[in-house]
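Letter by letter, the chains look like this.
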Amino acid sequence: MNRKRSLTIKEKNKLLAAEGKRLRCFGMTFRILPTLEQIAQINQTLGCHRLIFNSYLASRIEAYQTNQTTLSVAAFKKDRLNALKDEKPYLKAVDKFSLETACEQVQAAYDRFFAKRGGFPKFKKKHSSKQTYTTIYTNGNIAVTPEAIKLPKLGLVALFPKKTNRKRLQSLLDGTLKIQAATITRTATGYTVSLSVQEVVAISQPVDLTADYRCVGIDLGLKTFAVVYDGKDFADYSHGAYIKQAEKKLAKLQQQLARCQKGSKNYDKQRTKVAKRHEHIANQRKDFHHKLSTTIANENQVVVVEDLNIRGMVKNHKLAKAISNAGWRQFITFLAYKLDWRGGRLVKVNRFFASSRLCSACGHQYVALTLDERHWACSHCGTVHDRDHNASVNIRNEGLRLLAV
């Protein structure tokens, strides 16, 4: 008897639209405190997940090189996954969904590669500082209690009391959120679980473009992370000094690591310290992006940004590190979903739009503008411009023009 195919999110939203509702999908992350036995089980599952991922990727590459065919996920699961379980009995001791999702992750990596949104899939490394595996919700195998979370093959895993958002946890306990999957992550600082959840909410009324609405233009940069212009005033937002301080500490730790002999115990200890510092900086950046994007989404109905070609920009080796550290893509992603939740709208201006070179007063273009010129005077009308402020004005004006069209 064939199992019924589950409905996709688009199909569910079509059914819910008749009631004026839709699905909201998002993730919730919690820090966990597993016991020694649970840590051993997590580590074993991570190893098995990595084995299946690498096996499927190697088999897929071999199939294409041999006879120019694509080994599908279904074919690998049917013909080779079961054989691997018989050959390696320890694969049966871990959560079966963690092995199946490993195959699906390879397929997702290929999809990103063919869509030119990522590089060719890479094999997973055993000694990577960050290891993850994903399991699927079915028959109540994932559940949340006030003090712990139930996970397949692990049982109840204690939540880290000081790192748990009680308000977020309560929304899970109320039963309004439906858990879809759980991703367990091991990093240098400990273990976390990310729950993929769905919630049925009322469809937000989109912003009425015929009425008065608040629109801002944002120019993203390196010296000043974001310049926001609302039609009257400018607001400059920069990364706090704490990130620069953290990067200085990271540089010292990396220097100490370079002096250690590879393979020694001191090398492993120092490598852990470097990994923890990297994670700390990433968390600081993420916290800054969340706070700024929430502030902008709460105060405005329309936000205009540039459609930046970040992949092309990082090819400039002089600016690659600074561009990567800025995290523009993450910030725009946060801004997009928060505006969507509130019924707002994110407008992206074409990446070839000359936002910095156009005079916002008369429209004359200063073709010879260089990166080191932070201020320039228009040769046509004489207006003196701050580079970033002028760009934010032009971005906002172009966004309003696109909305009118």
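Engineer: Please explain the sheet that holds strand 2 (residues 131-136) as it appears in this structure.
Structural biologist: Paired through backbone hydrogen bonds, the strands of a sheet run either parallel or antiparallel to each other. Strand order in the open sheet made by the seven strands is 2-6-7-1-5-4-3, with antiparallel pairing throughout. This sheet does not close on itself; its edge strands, each paired only once, are strand 2 and strand 3 (143-144). As defined by bridge partners, strand 3 adjoins strand 4 (residues 148-151) across two bridges and the pair is classed as antiparallel. Paired with Val-144 across the bridge in strand 4 is Ile-149.

Engineer: How should the sheet that holds strand 9 (residues 226-229) be read in this particular structure?
Structural biologist: If you trace the five strands from one edge of the open sheet to the other, you get 10-9-8-11-12, paired in mixed fashion. A strand with exactly one partner marks an edge of an open sheet, and here the two such strands are strand 10 (234-237) and strand 12 (345-349). Going from strand to strand, the sheet's axes swing by 20° on average, the running direction of each strand aside. Pairing geometry for strand 8 (residues 215-220) and strand 9, over four bridges, is antiparallel. Among the inter-strand pairings, Leu-220 is bridged to a residue of strand 9, identified as Ala-226. Together, strand 8, strand 9, strand 10, strand 11 (302-306) and strand 12 form the strand contacts of helix 11 (residues 387-404), whose direction differs from that of strand 8 by roughly 135°.

Engineer: Help me understand the pairing of strand 6 (residues 178-187) in this model?
Structural biologist: Here strand 2 pairs with strand 6 via six bridges, running antiparallel. Bridging across to strand 6, Thr-134 finds its partner in Thr-183. Here nine bridges tie strand 6 to strand 7 (residues 190-202), and the two strands are oriented antiparallel to one another. Considered in strand 7, the bridge of Ala-182 is made with Leu-195.

Engineer: Help me understand the packing of aromatic side chains in this model?
Structural biologist: For any pair of aromatic rings, the description rests on two quantities: the centre-to-centre distance and the angle between the ring planes. As enumerated under the stated definition, the model contains twelve aromatic pairs in all. Relative to Phe-331, the ring of Phe-225 has its centre 5.2 Å away and its plane inclined at 85°; by these criteria the two rings are edge-to-face. With Phe-225 in the loop between strand 8 and strand 9 and Phe-331 in helix 10 (residues 328-341), this pair connects stretches of sequence that are 106 residues apart. A single burial state applies to Phe-225 and to Phe-331, both of which are buried. In this arrangement the basic side chain of Arg-60 is found over the ring face of Tyr-110, its NZ or CZ atom lying 4.0 Å from the centre. Between the NZ or CZ atom of Lys-124 and the centre of the ring of Phe-53, over which it lies, the distance is 4.8 Å.

Rules behind the numbers
Residues numbered from 1 in each chain as written. Predicted model: local features only at pLDDT ≥ 70, side-chain atom pairs only at ≥ 80, totals over all residues. Heavy atoms only, no water. Pairing = 2+ DSSP bridges. Helix = DSSP H or I, 4+ residues; strand = E, 2+ residues; numbered from the N terminus. Axes fitted to C-alpha atoms, helices over the stretch in contact; angles between N-to-C directions. Contact = heavy atoms within 4.5 Å. Phe/Tyr/Trp six-rings, centres within 6.5 Å; stacked < 30°, edge-to-face > 60°. Buried < 20%, exposed > 50% of the residue type's maximum accessible area, 1.4 Å probe, protein only. Lys NZ or Arg CZ within 6 Å of the ring centre and 35° of its normal.

As far as function goes, none of this settles anything; it's purely spatial.
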